[in-house]
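Listed below, chain by chain, are the residues.
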Amino acid sequence: MEEREISKAVIKRLPRYYRYLGEILNNGIERISSGELSGKMQVTASQIRQDLNNFGGFGQQGYGYNVKYLYDEIGKILGVNRMHSMIIIGGGNFGHALANYDFEKNGFATKAIFDIRHELAGTSIRGIPVLMMDQLEEYIERENIEIAVLTLPKSKVAEVADRLVKCGIRALWNFAHLDLDVPDDVVVENVHLVDSLMQLSYRISNYEEEL
């Protein structure tokens, strides 16, 4: 089949489809139409069909979608049908909060947290060991880590990202307010919390102006 470039907007909606279908599946619903899914997701039925057609469609006219099949297929597309190993760099408040979140149910296993504060050595968060940064390279090589989560100060993140790339890390989930310059074969997902708040502020401001 000819490969086509999938838009970022479609990719952004895929986790929402996956989440909603998981909830529908848990409720014992076996099939659903694009119209019914549209009502739950606040995305038009036409948009849903267009999005899914990028990957083969999955539906049958007059029947709709088999919920379990569609859920599994989207899981494969997203790559969450297998477990990804990841580490957290930075054991501060935010790193601590992320370590306490159960990502495993979505296919991401947090294996270790790395920090420079020696008083944290030998401790753990939710059973996840806290290791020192001088153990980083050896640990990544031994444990075959795919993803590194960066919860570092802006001044430190570029240096650490370089170390991670040299270790063979394939993906960075970056919470520092700095866009990283990495090789093309390393995937970066930047999460700028302040940007998100500014978008929220814009929507509030424009809503107030419309009143």
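For the structure itself, look to the data block above.
Residues numbered from 1 in each chain as written. Predicted model: local features only at pLDDT ≥ 70, side-chain atom pairs only at ≥ 80, totals over all residues. Heavy atoms only, no water.

1. Description of the packing of helix α1 (residues 8–26) against helix α2 (residues 34–41)
Logical step 1: One way to put it is that α1 packs onto α2 with a least axis distance of 11 Å and a crossing angle of 105°. Between α1 and α2, the crossing angle belongs to the class labelled roughly perpendicular. On α2, the residues that touch Arg 16, Tyr 17, Tyr 20 and Ile 24 of α1 are Leu 37, Lys 40 and Met 41.
Logical step 2: Residue composition of the contact of α1 with α2, by class: five nonpolar, no polar and two charged. (Axes fitted to C-alpha atoms, helices over the stretch in contact; angles between N-to-C directions. Helix = DSSP H or I, 4+ residues; strand = E, 2+ residues; numbered from the N terminus. Parallel < 35°, antiparallel > 145°, perpendicular 65-115°, else oblique. Contact = heavy atoms within 4.5 Å. Nonpolar A, V, L, I, M, F, W, Y, C, P; charged D, E, K, R; others polar.)

2. Some thoughts on the environment of Val 149
Logical step 1: The residue Val 149 is located in strand β7 (residues 147–150) in this model.
Logical step 2: Judged by its relative accessible area of 1%, Val 149 is buried.
Logical step 3: When the C-alpha positions of Val 149 and Gly 22 are compared, they lie 25 Å apart, and in sequence the two are 127 residues distant.
Logical step 4: Leave out the neighbours within four places in its chain, and Val 149 touches Met 86, Ile 87, Ile 88, Ile 89, Leu 98, Trp 173 and Phe 175. (Buried < 20%, exposed > 50% of the residue type's maximum accessible area, 1.4 Å probe, protein only.)

3. So, the packing of aromatic side chains
Logical step 1: One pass over the structure, following the stated rule, counts seven aromatic pairs.
Logical step 2: Arranged with centres 4.9 Å apart and planes meeting at 65°, the rings of Phe 94 and Phe 175 form a pair that is edge-to-face. Linking Phe 94 in helix α5 (residues 93–99) with Phe 175 in the loop between β8 (171–174) and β9 (187–190), this pair joins segments that are 81 residues apart in sequence.
Logical step 3: According to the relative accessible area criterion, Phe 94 is partly exposed, its value standing at 34%. (Phe/Tyr/Trp six-rings, centres within 6.5 Å; stacked < 30°, edge-to-face > 60°.)

4. Some thoughts on the environment of Arg 82
Logical step 1: Looking at where Arg 82 falls in the secondary structure, it is placed in the loop between α4 (67–78) and β3 (84–89).
Logical step 2: Judged by relative accessible area, Arg 82 falls into the partly exposed class, the value being 42%.
Logical step 3: C-alpha separation for the pair Arg 82 and Asn 106, spaced 24 residues apart in sequence, amounts to 9.2 Å.
Logical step 4: Other than its neighbours up to four places away in sequence, Arg 82 contacts Gly 107, Glu 146 and Arg 170.

5. Structural notes on the sheet that holds strand β5 (residues 124–125)
Logical step 1: Ordered by their spatial adjacency, seven strands build an open sheet running β5-β6-β4-β3-β7-β8-β9, and the pairing between neighbours is mixed. This sheet does not close on itself; its edge strands, each paired only once, are β5 and β9.
Logical step 2: Here three bridges tie strand β4 (residues 108–115) to strand β6 (residues 128–132), and the two strands are oriented parallel to one another. Looking at the pairing, Asp 115 lines up with Met 132 of β6. (Pairing = 2+ DSSP bridges.)

6. A short note on the side chain of Glu 146
Logical step 1: Summarising the element assignment, Glu 146 is placed in the loop between α6 (136–143) and β7.
Logical step 2: On the accessibility criterion, Glu 146 (13% relative accessible area) is buried.
Logical step 3: Looking at Glu 146, its side chain comes within polar contact range of the side chain of His 84, at 3.1 Å.
Logical step 4: Among residues more than four places away in sequence, those in contact with Glu 146 are Arg 82, Met 83, His 84, Ser 85, Ile 169, Arg 170 and Ala 171. (Polar contact = N/O pair within 3.5 Å; in protein donor to acceptor, adjacent residues only side chain to side chain.)

7. Quick look at the packing of α1 against α4
Logical step 1: Where α1 meets α4, the closest approach of the two axes is 9 Å, and the angle between their N-to-C directions is 145°. Seen along the crossing, α1 lies across α4 with a hand that is left-handed. Residue-level inspection shows Leu 14, Pro 15, Tyr 17, Tyr 18, Leu 21, Gly 22, Ile 24 and Leu 25 of α1 in contact with α4, the latter providing Val 67, Lys 68, Leu 70, Tyr 71, Ile 74, Gly 75, Ile 77 and Leu 78.
Logical step 2: When the residues that make up the contact of α1 with α4 are grouped by side-chain class, the tally is 13 nonpolar, two polar and one charged. (Left-handed = near helix turned anticlockwise from the far one by under 90°.)

8. What to know about the pattern of salt bridges
Logical step 1: One pass over the structure, following the stated rule, counts nine salt bridges.
Logical step 2: Among the salt bridges present, the one from Glu 73 reaches Lys 76, with a minimum N-O distance of 3.2 Å. With Glu 73 and Lys 76 both in helix α4 and three residues apart, the pair spans about one turn of that helix.
Logical step 3: Judged by its relative accessible area of 16%, Glu 73 falls in the buried class.
Logical step 4: For Lys 76, a relative accessible area of 49% corresponds to the partly exposed category. (Salt bridge = Lys/Arg side-chain N within 4 Å of Asp/Glu carboxyl O.)

9. What to know about α2
Logical step 1: Here α2 has its buried residues at Ser 34, Leu 37, Ser 38 and Met 41. With its buried residues spanning 110° around the axis, α2 presents them on a single face. (Arc of directions from axis to C-beta.)

Taken by themselves, the reported measurements are silent on function.
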